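Descriptive structure summary
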Amino acid sequence: MKKIYRFSLNSDYWDNRWRSSGVDNSKFQRFDFYPIKQTESFLKDYNSEQSILELGCGAGRLFFHYRNRNYNIKGIEYSSIAVENIQKLLASSEDVVQGNVLSLPYKDESFDYILALGLFHNLESIEDIEEAFYETSRVMKKNGKLLFSVRYDSLENNIIENIIRKRNKDKVFDKFHRYHFDLENTSRILKNSKLVIKNVEYVRNVSFLFKYDFFRSKDMKSSNFVESEARAKGFELNFLGRVVDRFLHSCFPKKFSNLLILSVEKNDEN
């Protein structure tokens, strides 16, 4: 596992993201990209008697998507800015709360399904990551299921970090930003938390090509970029960008994926 540093604190980075992007309460316009593609498959057997918790619900795009379809879903988010934005649209502030994954405000075995997409890699130490998985396991029901994604220690993520450093040569990269995970250490941590891996995917979130206007679709250019719209549309590339992206990801899936996505199940006998 690799520790990544940037020129601003992780918490400041996300507060600024959520402050500028507002609330993602619009519908997904497509279902063939991360995270909605993986979440739809993960929740395919959900029924109305079951409960879902989204850890790190951010601007709310998954939370509102399933809430609007009458799923029994709650959310928790570390950023008070993101939580305040979401709560303005809710009748009950208890549906989304501000909190820390290291100390979840829920009873043991409370949820059938847990989503944690893009959360665990934001924790600053291996000890915190281990504690976060332990807490997550604690609030899962027996045989409960967890779907989570973490930044993967891949060639693509290293390319992204190099691009950011080259564009910010005048800044000092001395503040923790996130971890890049590998499968071996992730598997070890899960086993210690009585979580059994059921499926592993190497997935593309936002292609590194999106860093360049040349590869972006027309309505995604930096001159008229709106993040909430981009998130709903999957950060679309233009035709050339899609061709190059598809080639790299198809031929070198592990090198040109930036996320490791795992579906796991709680097993107290493990």
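Preceding block: the structure.
As the structure is a computational prediction, the values presented were derived from the model and not from experiment. (Residues numbered from 1 in each chain as written. Predicted model: local features only at pLDDT ≥ 70, side-chain atom pairs only at ≥ 80, totals over all residues. Heavy atoms only, no water.)

So, about the nonpolar core. As a rule of thumb, soluble globular proteins bury nonpolar side chains together. Of all hydrophobic cores here, the largest spans 31 residues; its most connected members are Leu55, Phe120, Phe133, Leu146 and Phe148. In this view, Phe133 contacts Phe120, Leu146, Phe148, Ile189, Leu190, Ser193 and Leu195; residues no more than four positions away in its chain are not counted. Residues Phe28, Cys57, Ile73 and Val96 belong to the second largest nonpolar core, which totals 27 residues. (Core = buried A, V, L, I, M, F, W, Y, C linked by side-chain atoms within 4.5 Å. Buried < 20%, exposed > 50% of the residue type's maximum accessible area, 1.4 Å probe, protein only. Contact = heavy atoms within 4.5 Å.)

Between helix 5 (residues 126-139) and helix 7 (residues 183-192), the shortest axis-to-axis distance is 9 Å and the interhelical angle comes to 45°. As the angle between them shows, helix 5 and helix 7 are arranged oblique. As helix 5 runs across helix 7, the sense of the crossing is right-handed. Each of Ile126, Ile129, Glu130 and Phe133 in helix 5 lies in contact with helix 7, whose residues at this interface are Arg188, Ile189 and Leu190. (Axes fitted to C-alpha atoms, helices over the stretch in contact; angles between N-to-C directions. Helix = DSSP H or I, 4+ residues; strand = E, 2+ residues; numbered from the N terminus. Parallel < 35°, antiparallel > 145°, perpendicular 65-115°, else oblique. Left-handed = near helix turned anticlockwise from the far one by under 90°.)

This part is about helix 7. Residues Thr186, Ile189 and Leu190 constitute the buried set of helix 7. The arc enclosing the buried residues of helix 7, seen along the axis, measures out at 100°, which places them on a common side. Away from the buried face of helix 7 by more than 90 degrees, exposed residues Glu184, Lys191 and Asn192 are located. Looking at the packing, one finds that the buried side of helix 7 touches helix 5, strand 6 (140-151), strand 8 (195-203) and strand 9 (259-266). (Arc of directions from axis to C-beta.)

Before going further, it helps to examine the pattern of salt bridges. According to the stated counting rule, one finds 17 salt bridges in the structure shown. Close ionic contact of Asp112 with Lys141 constitutes a salt bridge, the shortest N to O distance being 3.4 Å. Linking Asp112 in strand 5 (residues 111-117) with Lys141 in strand 6, this pair joins segments that are 29 residues apart in sequence. Look at Asp112 and you get buried, because its relative accessible area is 16%. Note on Lys141: relative accessible area 29%, which makes it partly exposed. Residue Asp213 is joined to Arg216 by a salt bridge in which the shortest nitrogen-to-oxygen separation is 3.6 Å. Judged by its relative accessible area of 30%, Asp213 falls in the partly exposed class. Classification of Arg216 by relative accessible area gives buried; the value is 12%. Here the salt bridges do not stand alone but share partners, grouping Arg6, Glu161 and Arg178 into one network. (Salt bridge = Lys/Arg side-chain N within 4 Å of Asp/Glu carboxyl O.)

Here strand 7 (residues 175-180) lies mainly inside the structure; five of its six residues are buried. Here strand 1 (residues 2-6) runs beside strand 7; their pairing, made up of five bridges, is antiparallel. When the bridges of strand 7 are listed, Lys3 appears paired with Tyr179. (Pairing = 2+ DSSP bridges.)

Turning to the sheet that holds strand 4 (residues 96-98), a few remarks are in order. What the seven strands build is an open sheet, ordered 4-3-2-5-6-9-8; its pairing is mixed. In the strand order of this sheet, the two ends are held by strand 4 and strand 8, each with one partner. Going across the sheet, the axis of each strand differs from the next one's by a mean of 15°, ignoring polarity. Taken strand by strand, helix 5 contacts strand 2 (52-55), strand 5, strand 6, strand 8 and strand 9, and its axis lies near 145° from that of strand 6.

Geometry of an aromatic ring pair is reported as the spacing of the ring centres plus the angle between the planes. Following the criterion strictly, the structure yields 22 aromatic pairs and no others. Ring centres of Tyr66 and Tyr71 lie 5.0 Å apart, and the angle between their planes is 55°; on these two criteria the pair is classed as tilted. Neither residue differs from the other here; Tyr66 and Tyr71 are each classed as buried. Sitting over the face of the ring of Trp18, Arg17 holds its NZ or CZ atom 5.9 Å from the ring centroid. The positively charged end of Arg216 is found above the aromatic ring belonging to Phe225, 5.2 Å away from the centroid. (Phe/Tyr/Trp six-rings, centres within 6.5 Å; stacked < 30°, edge-to-face > 60°. Lys NZ or Arg CZ within 6 Å of the ring centre and 35° of its normal.)

Attention now moves to the environment of Arg178. Within the element layout of this structure, Arg178 appears in strand 7. The class of Arg178 is buried, set by a relative accessible area of 8%. As for Arg178 and Gln38, which are separated by 140 residues in sequence, their C-alpha atoms are 22 Å apart. Engagement of the side chain of Arg178 in a polar contact is seen with the side chain of Glu161, the distance being 3.0 Å. (Polar contact = N/O pair within 3.5 Å; in protein donor to acceptor, adjacent residues only side chain to side chain.)

Among the structural elements, Gln38 can be located in helix 2 (residues 36-42). Take Gln38: its relative accessible area is 8%, and that puts it in the buried class. Ignoring sequence-local partners within four residues, the contact set of Gln38 consists of Phe33, Leu147, Glu201, Val203 and Ile261.

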